[in-house]
Amino acid sequence: MNHPYRRNTKDFIKNRKVTKQFPGVRSGDEILQDLNNRGLRKVIDVDAEVVNAAISKNCGWNKRSIFWDLPYWREHLLRHNLDVMHIEKNVFDNIFNTVFNILGKTKDTYKSRDELNKYCRRPQFAQNIVTSKYLDVPFVLNKSQKKDVLEWVKKLRFPDGYASNLGRCVDANKLKMFGMKSHDCHVFMQRLLPIALREFLPNRIWEPITEISLFFKQLTSSSLTDEELRNLDEQIPVILCNLEKIFPPSFFDSMEHLPVHLAYEARIAGPVHYRWMYPLERYLRKIKHKIMNKAQVESSISIGYIMDEAAKFASFYFKEGHPTLPLKEKRNEVYLDDIVDDDIFEIFKPPGKAIGVEGKRYLANNEYTAAHLYVLMNCPEVQPFIDVFVTEKRKQFPNLNDEAVNALTEQEFPSWFEKYDMAHGRGRGSTLPGRTSSGRGSKASEHPTNETLPIAQFDPTIDNLTKLELSGSISRVLRTIFRKSFKPHGHNWKSLTDGDQLMIWREFKKVYRWTQSKEAVRRVFYKHAANRYKDTVYEVKDKWLKKKEQDLSVSDHVFQEWRRRWEDPDYRKRCEKQSGNRRSERAGEGSGMSTHTCGSRSMREHERALTCKEGKKPSAPRLFRYTHTKGHDDQTFVDQRSRAEN
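What you see is a predicted model, and the numbers here were worked out from it, not measured in a lab. Chains are numbered independently. Their residues run from 1 in the order of the written sequence. A pLDDT threshold of at least 70 governs which residues receive local features in this predicted model, and a stricter bar of 80 or more applies before side-chain atom pairs are shown or counted, although totals over entire chains, interfaces and linings include all residues. Excluding hydrogens and water, the side-chain values take into account all heavy atoms of the structure.

Colleague: Mind showing me how you'd approach the overall build of the chain here?
Modeller: Helix and strand counts for the chain stand at 23 helices and 2 strands. Within the span of the chain, comprising 646 residues, buried residues form 33% of the whole. Any pair of residues with heavy atoms lying within 4.5 Å of one another is described as a contacting pair. Sequence-distant contacts in the chain: of pairs separated by 6 or more residues, those separated by 24 or more amount to 60%. A total of about 42,600 Å² of accessible surface is found on the chain, and carbon and sulfur atoms cover 52% of it. For helices the rule is a DSSP run of H or I covering at least 4 residues; for strands it is a run of E covering at least 2, with both sets numbered from the N terminus onward. Exposure classes here rest on a 1.4 Å probe applied to the protein chains alone. A residue is buried below 20% of its type maximum, exposed above 50%, and partly exposed in between. Note on areas: Shrake-Rupley, 1.4 Å probe, and residue coverage restricted to the protein chains presented here.

Colleague: I keep staring at the pattern of salt bridges and nothing clicks. Help me out?
Modeller: Any two side chains of opposite charge can pair, given that their charged atoms come close. Each reported salt bridge corresponds to a side-chain nitrogen of Lys or Arg within 4 Å of a carboxyl oxygen of Asp or Glu. Following the criterion strictly, the structure yields 20 salt bridges and no others. For Glu412, the salt bridge is made with Lys393, and the minimal N-O distance between the two is 3.2 Å. Here the residue Glu412 occupies a position in helix H15 (residues 402-423), and Lys393 occupies one in helix H14 (residues 383-396), the gap between them amounting to 19 residues. Its relative accessible area of 13% is what places Lys393 among the buried residues. Residues joined in a network through salt bridges with shared partners are Arg26, Asp34 and Arg38.

Colleague: In this structure, what is going on with a nonpolar patch on the surface? I would like to understand it.
Modeller: Where nonpolar side chains cluster on the molecular surface, the patch consists of Val43, Ile44, Ile66, Phe67, Leu70 and Tyr72 and spans about 600 Å² of accessible area. Turning to its location among the elements, Tyr72 is positioned in the loop between helix H2 (48-55) and helix H3 (84-99). For Tyr72, a relative accessible area of 46% translates into the label partly exposed. Here, patches come from residues exposed beyond 30% relative accessible area and free of salt bridges, joined within 9 Å for like charges and within 5 Å for nonpolar side chains (Val, Leu, Ile, Met, Phe, Trp, Tyr).

Colleague: Can you walk me through the nonpolar core in this structure?
Modeller: Looking at soluble globular proteins, one finds that nonpolar side chains tend to be buried together. By size, the foremost hydrophobic cluster in this structure holds 58 residues, and its most contacted members are Ile95, Met177, Phe188, Ile209, Ile212, Phe215 and Phe216. Of all the secondary structure elements, the ones that give two or more residues to this core are H3, helix H5 (143-154), helix H6 (182-197), helix H7 (203-219), helix H8 (226-244) and helix H10 (259-269). No other element matches H3, which puts 8 residues into this core. Ignoring any residue separated from it by four or fewer positions in sequence, one finds Phe215 in contact with Leu232, Ile236, Ile239, Pro259 and Leu262. Here the nonpolar core consists of buried residues drawn from Ala, Val, Leu, Ile, Met, Phe, Trp, Tyr and Cys, with membership extended through side-chain atoms lying within 4.5 Å. Of all hydrophobic cores here, the second largest spans 25 residues; its members include Trp493, Leu496, Trp544 and Phe559.

Colleague: What am I meant to see in the packing of helix H21 (residues 603-614) against helix H22 (residues 620-627) here?
Modeller: Relative orientation and spacing of two packed helices are given, respectively, by the angle between their axes and the distance between those axes. One can describe the packing of H21 onto H22 by two numbers: an axis separation of 11 Å at closest approach and a directional angle of 105°. In this view, H21 runs roughly perpendicular relative to H22, as classed from their interaxial angle. Together, Met603, His606, Glu607, Leu610 and Glu614 of H21 and Arg622, Leu623, Tyr626 and Thr627 of H22 make up the contact between the two elements. Three categories are distinguished: nonpolar for Ala, Val, Leu, Ile, Met, Phe, Trp, Tyr, Cys and Pro, charged for Asp, Glu, Lys and Arg, and polar for the others, with Gly belonging to the last. Residues belonging to the contact of H21 with H22 are distributed by class as follows: 4 nonpolar, 2 polar and 3 charged. With axes taken as lines fitted to C-alpha atoms, and helix axes fitted only over the stretch in contact, angles between N-to-C directions fall between 0 and 180 degrees. Angles are sorted into four bins: roughly parallel if under 35 degrees, roughly antiparallel if over 145, roughly perpendicular if 65 to 115, and oblique for all others.

Colleague: Explain H8 here, please?
Modeller: In an α-helix, one turn spans 3.6 residues; hence positions three or four apart end up facing the same way. Between its first and last C-alpha, H8 extends 28 Å over 19 residues, near the 27 Å set by a 1.5 Å rise per residue. Gln235 marks the point of greatest bend in H8, at about 30°, and the proline Pro237 comes within the next four residues. What H8 keeps buried is the set Leu229, Leu232, Ile236, Ile239, Leu240, Asn242 and Leu243. Where the residues of H8 are buried, they touch H7, helix H9 (254-257) and H10. A helix is expected to reach a length of 1.5 Å times the quantity of its residues less one. The seven residues ending at a residue and the seven starting there each receive a fitted axis; the angle between those axes is the bend at that residue.

Colleague: Teacher, can you tell me more about the environment of Tyr362 here?
Modeller: Structurally, the position occupied by Tyr362 is in the loop between helix H12 (297-315) and helix H13 (365-377). Note on Tyr362: relative accessible area 42%, which makes it partly exposed. In this structure, the C-alpha to C-alpha distance between Tyr362 and Arg483, residues 121 residues apart in sequence, is 7.8 Å. Excluding anything up to four places from it in sequence, Tyr362 contacts Arg483, Leu552 and Ser553.

Colleague: Where do I start with the side chain of Lys42 in this structure?
Modeller: Turning to its location among the elements, Lys42 is positioned in the loop between helix H1 (28-38) and H2. In this view, Lys42 contacts Ala48, Arg64, Ile66 and Asp69; residues no more than four positions away in its chain are not counted.

Colleague: Looking at this structure, how should I read the confidence of the model for the chain?
Modeller: Caution is warranted with low-pLDDT regions, since their predicted coordinates should not be read in detail. Confidence scores labelled pLDDT are given residue by residue by the predictor and lie between 0 and 100. Per-residue pLDDT for the chain averages 81, and the proportion of residues at 70 or more is 83%. Low confidence marks residues 425-452, where pLDDT is under 50. Its contacts with residues over four positions away, or in another chain, come to 45 contacts. pLDDT under 50 marks residues 458-466. Its contacts with residues more than four places away, or in other chains, come to 22 contacts.

Colleague: Sorry, what's going on with H2 here?
Modeller: Three or more residues of H2 are buried, namely Ala48, Val51, Asn52 and Ile55. For H2, the arc enclosing every buried residue in end-on projection is 95°, short of the 170-degree limit, so these residues lie on one face. Those residues of H2 that are exposed and angled more than 90 degrees off the buried face are Glu49 and Val50. Structurally, H2 contributes buried residues whose contacts are with H1. This arc is taken over the directions from the axis of the helix to the C-beta atoms.

Colleague: Any chance you could explain the packing of aromatic side chains here in plain terms?
Modeller: Each aromatic ring pair is summarised here by two numbers: the centre-to-centre distance and the angle between the ring planes. Stacked, edge-to-face and tilted are the three classes for Phe, Tyr and Trp ring pairs, Trp counted by its six-membered ring, which pair at centre distances within 6.5 Å; planes under 30 degrees apart are stacked, over 60 edge-to-face, the rest tilted. Going through the model one piece at a time under the given rule, you end up with 33 aromatic pairs. Ring centres 5.3 Å apart and planes at 65° place the aromatic pair Tyr5 and Phe12 in the edge-to-face group. For the pair Phe158 and Tyr162, a centre-to-centre distance of 5.9 Å together with 25° between the ring planes defines the contact as stacked. You can call Tyr162 partly exposed: its relative accessible area is 33%.

Colleague: Would you explain unusual backbone geometry in this entry?
Modeller: Peptide bonds are trans in most cases, and residues, glycine excluded, mostly fall at negative phi. Even without being a glycine, Asn15 presents a positive backbone phi close to 60°. Residue position: Asn15 is located in the segment before H1. The class for Asn15 is exposed, based on a relative accessible area of 60%.

Colleague: Even after reading the chapter, I still don't get the state of the cysteines, so can you show me in this structure?
Modeller: The disulfide criterion is simple: two cysteine sulfur atoms within 2.5 Å. Scanning the model with the defined rule gives 0 disulfides in all. With no disulfide partner, Cys185 has as its closest neighbouring cysteine sulfur the one in Cys169, 8.6 Å distant. What makes Cys185 buried here is its relative accessible area of 1%.

Colleague: Teacher, can you tell me more about the packing of H8 against H10 here?
Modeller: Packing of H8 against H10 leaves a shortest axis separation of 8 Å and a crossing angle of 175°. With respect to H10, the element H8 is oriented roughly antiparallel. Contacts from Asp226, Leu229, Arg230, Leu232, Asp233, Ile236 and Leu240 of H8 reach H10 at Pro259, Val260, Ala263, Tyr264, Ala266 and Arg267. Class assignment for the residues of the contact of H8 with H10 results in 9 nonpolar, no polar and 4 charged.

Colleague: Please explain the side chain of Thr627 as it appears in this structure.
Modeller: You can see Thr627 is positioned in helix H22. Residue classification places Thr627 among the buried positions, given a relative accessible area of 0%. Side-chain atoms alone can form a polar contact between residues adjacent in sequence; in general such a contact is a pair of N or O atoms within 3.5 Å, and within protein one must be able to donate a hydrogen while the other accepts it. Within the structure, Thr627 has its side chain in polar contact with the backbone oxygen of Leu623 (distance 3.0 Å). A polar atom in the side chain of Thr627 sits 3.3 Å from the backbone oxygen of Phe624.

Colleague: For this particular structure, what's the right way to read the environment of Lys393?
Modeller: Separated by 15 residues in the primary sequence, Lys393 and Leu408 have C-alpha atoms spaced 8.6 Å apart. Ignoring anything within four residues of it in the chain, the contact list for Lys393 reads Leu400, Leu408 and Glu412.

This is the structure:
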């Protein structure tokens, strides 16, 4: 009785104070006595229409229900089981359509604006007499805000089976959502609505919308207590009053009034999920699928139902696993028994499969480190090595507690494990102790050889061992190594430290083997790696300068350092000078840049082709003429510069 909203004559119906008090829930005997005293008739009575029409003008009753003839009806505590599913959907539709100002569905119409100040005192929302326009209201989003919300909804991803794809309901052209089912509204109302509107609405508007969202969320929870329901019963009138202070009177129809009764009904009948319409709607959908003859709907449903019952009854007499019994697999069903390869670690045997189209991208350094650590820490086969590491650290630092040991394990175990693995004769392609190499029971070798690695071929007859064979595959391996080890100072090969280059060399040795001298191969490798590193960094730089996109293989702190260098005025000036030198016309003005007829084949491949064709290795002038003349005729050069160089 003492709530300030009862005396508020400004934010609600103007010049009216509320003095009436809720008398409490009436019993069945009291209601029946009231109906009998008023003289209401049942609709099956002869003069029911005339008598009831006259009586209903002065009360809220318009008939006497035939249910009162049932002997238990007067003692029934829950005479109206309100459907929470449809109430929640209708409340959400009214809020969402009004906030998005959807034509034909919003409650903020011209007519409601005209009647607004007739019932309420809100002159700031009235029509401007001079311009005949209506001012914008604070609870409606503008065009850019609607776009942001809808783009966010399109990118949302939910756990499998949690909700449908809300992105299909987004209409980016008309800036609205359409075709939302009851469960879509249920998820949006309870989980998304407060988040979607948080940044765009003032707090005095956002808070009441969030409160009604939390009310439905608490009401539909799987477990309820009497204290919680009593609190909800006390809160919901205040929540609706706060909404009434925001939205126009046309917003509040009978559906906005019904939430007042939901908490009381939950106290009597229990949790909502035993009483709402979701199971019935799903079953009705199942029944509708049995309709084969649309001219005979009822008979089709009854025949289909009888067939299902008969088939289910007959299935009890079949043995389990009989081929005639239906076996409906879930869309993510994966049987672990089908994975018989013992050489696969347990962590890579997931109880599920991917949904949708697969995609590939490079992991950033922090992502790669986190994934690597996760695999190591959750792989049962690695647990013995973790125990060894922890034992060593506890001997080295006796005073460490468990929390410090765990932190030390996350920081140092991956690098320690790699060194431990290499020191004990294992490496890439080896197996862990206790595992078989083939998955068929063969014993793993303690010191596996590297004979399974591909050979990095070198030709010692050309330029005294200065070129790599298999350069295409080696280049791809190098690019992978580079993208895993980018450094802030590594904007080019020369800026890398000796330790950085040595690390790349060691990673290369894990992938390839060779028959030549180690030092000779290392010298050629550094030369080849420098060129490939330059190409890789150029790809990252070109992607940023032309498309303003960051390469995902480069971590943020590395990319920001490189970007700072690329945008440095002195650096850009040197780049322009070097680019001009490359475009210079050495054969004189108008001669143009040099071209060739090599196509996509390298000079090395043309050299091999000439050797096979002529039976001897071509000289440098012969190779130049072959790759810079039309039709390889050694006479018609492709440009003036080629003729001058010859």
